[in-house]
Amino acid sequence: MKLYGYFRSSAAFRVRIALNLKKLNYENAFIHLRRGDQTRPDFRGVNPQGLVPALEIGDQTLIQSLAIIEYLDETYPEPPLLPRDAAGRARVRALAAIVACDIHPLNNLRVLRYLHGPLGHDEKALEDWYNHWITSGFDALERLLADDPRAGAFCHGDTPGLADIALVPQVYNAHRYPLDLTVYPTIMRIYQNCKALDVFAAADPDHQPDREP
């Protein structure tokens, strides 16, 4: 397997966690987003969107982190990343989508480039925009987790799964902004439980051996 990713990309971070949980070996192919590697013709040949991650497995290439993780879960079923029951799977998929879609835009470089048009170089306006997405997404997620008895040590029960894999990279990135994350006690409890596991820690952007400045 070859994983095309950027060390601080939340989506690539998710796939690294999933690969670690499944104990799968893979080769890192470093795509430096801020340097513009994603626009190179050779990478566009791998993923025409120019986004990371992309995962090569044999003669096929998979894109979009949540789809990749579900493929890995179906192909390598142990340990399971989704509950066995249909309602539980739907709940976990919904939680993961909230994190990936409602909180993710703060780290989408294409969105940021667009915003620099109407906002120019108004850093305060950009920070307000970041904080709007972070807080509205985390507010909703905190309420869903805190009010649901199915949330245990992790987002769904006492083993880590798809929702936790999606959550950890976004909390990691949210720490880069001046926000008080203690107002999300359920999220932070789950985050700390995940961070205590070696498979999550090994996927951390600060621990990537091939990272570049």
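Coordinates for the structure precede this section.
Everything numeric here is computed off the predicted structure, so don't read it as measured data.

Reading the values: the criteria
Residues numbered from 1 in each chain as written. Predicted model: local features only at pLDDT ≥ 70, side-chain atom pairs only at ≥ 80, totals over all residues. Heavy atoms only, no water. Helix = DSSP H or I, 4+ residues; strand = E, 2+ residues; numbered from the N terminus. Contact = heavy atoms within 4.5 Å. Areas by Shrake-Rupley, 256 points an atom, 1.4 Å probe, with all protein chains shown as cover. Axes fitted to C-alpha atoms, helices over the stretch in contact; angles between N-to-C directions. Parallel < 35°, antiparallel > 145°, perpendicular 65-115°, else oblique. Left-handed = near helix turned anticlockwise from the far one by under 90°. Nonpolar A, V, L, I, M, F, W, Y, C, P; charged D, E, K, R; others polar. Pairing = 2+ DSSP bridges. Expected span 1.5 Å × (residues − 1). Buried < 20%, exposed > 50% of the residue type's maximum accessible area, 1.4 Å probe, protein only. Phe/Tyr/Trp six-rings, centres within 6.5 Å; stacked < 30°, edge-to-face > 60°.

Along its length, the chain carries nine helices and four strands. Of the contacts formed within the chain by residues at least 6 apart in sequence, a portion of 67% connects residues at least 24 apart. When the accessible surface of the chain is totalled, it reaches about 10200 Å², and 55% of it is carbon and sulfur.

Now for the packing of helix H1 (residues 10–21) against helix H7 (residues 162–174). Relative to each other, H1 and H7 sit at 135 degrees, their axes nearing to 8 Å. By the angle between their axes, H1 is oblique relative to H7. Relative to H7, H1 is oriented so that their crossing is right-handed. Contacts between H1 and H7 involve Ser-10, Phe-13, Arg-14, Ile-17, Ala-18 and Leu-21 from the first element and Ile-165, Ala-166, Val-168, Pro-169, Gln-170, Tyr-172 and Asn-173 from the second. For the contact of H1 with H7, the per-class residue count stands at nine nonpolar, three polar and one charged.

Ordered by their spatial adjacency, four strands build an open sheet running S2-S1-S3-S4, and the pairing between neighbours is mixed. Because the sheet does not close on itself, it has two edges, and the strands there are strand S2 (27–30) and strand S4 (60–63). Neighbour-to-neighbour, the strand axes of this sheet turn through a mean angle of 20 degrees, independent of strand direction. Taken together, the three bridges between strand S1 (residues 2–5) and strand S3 (residues 54–57) define a ladder with antiparallel strand orientation. Within S3, the position partnered with Leu-3 by the bridge is Leu-55. Packed on one face of the sheet, helix H3 (residues 65–75) meets S3 and S4 and runs near 125 degrees to S4.

With four bridges connecting them, S3 and S4 associate as antiparallel partners. Along S4, the bridge assignment pairs Leu-55 with Leu-62. Hairpin geometry of S3 and S4 is characterised by an intervening segment of two residues between the two adjacent antiparallel strands and by a positive phi of about 65 degrees at Gly-58.

A few words now on helix H4 (residues 86–103). The terminal C-alpha atoms of H4, which comprises 18 residues, lie 25 Å apart, in line with the 26 Å expected from a rise of 1.5 Å per residue. Along H4, the residues that are buried comprise Gly-88, Arg-91, Val-92, Leu-95, Ala-96, Ile-98, Val-99, Ala-100 and Ile-103. Buried-residue contacts for H4 involve H1, H3, helix H6 (123–146) and H7.

Once that is clear, we can look at the packing of aromatic side chains. Applying the stated criterion across every chain yields a total of six aromatic pairs. Between the aromatic rings of Tyr-6 and Phe-30, the centroid separation amounts to 5.8 Å while the plane-to-plane angle is 50 degrees, which identifies the pairing as tilted. Of the two residues, Tyr-6 sits in the loop between S1 and H1 while Phe-30 sits in strand S2, which places them 24 residues apart along the sequence. A single burial state applies to Tyr-6 and to Phe-30, both of which are buried. Both rings, one in Phe-7 and one in Phe-30, keep their centres 6.1 Å apart while their planes meet at 15 degrees; by these two values the pair is stacked. Of this pair, Phe-7 sits in the loop between S1 and H1 while Phe-30 sits in strand S2, and the two are 23 residues apart along the sequence.

Purely geometric numbers; function is a separate question.
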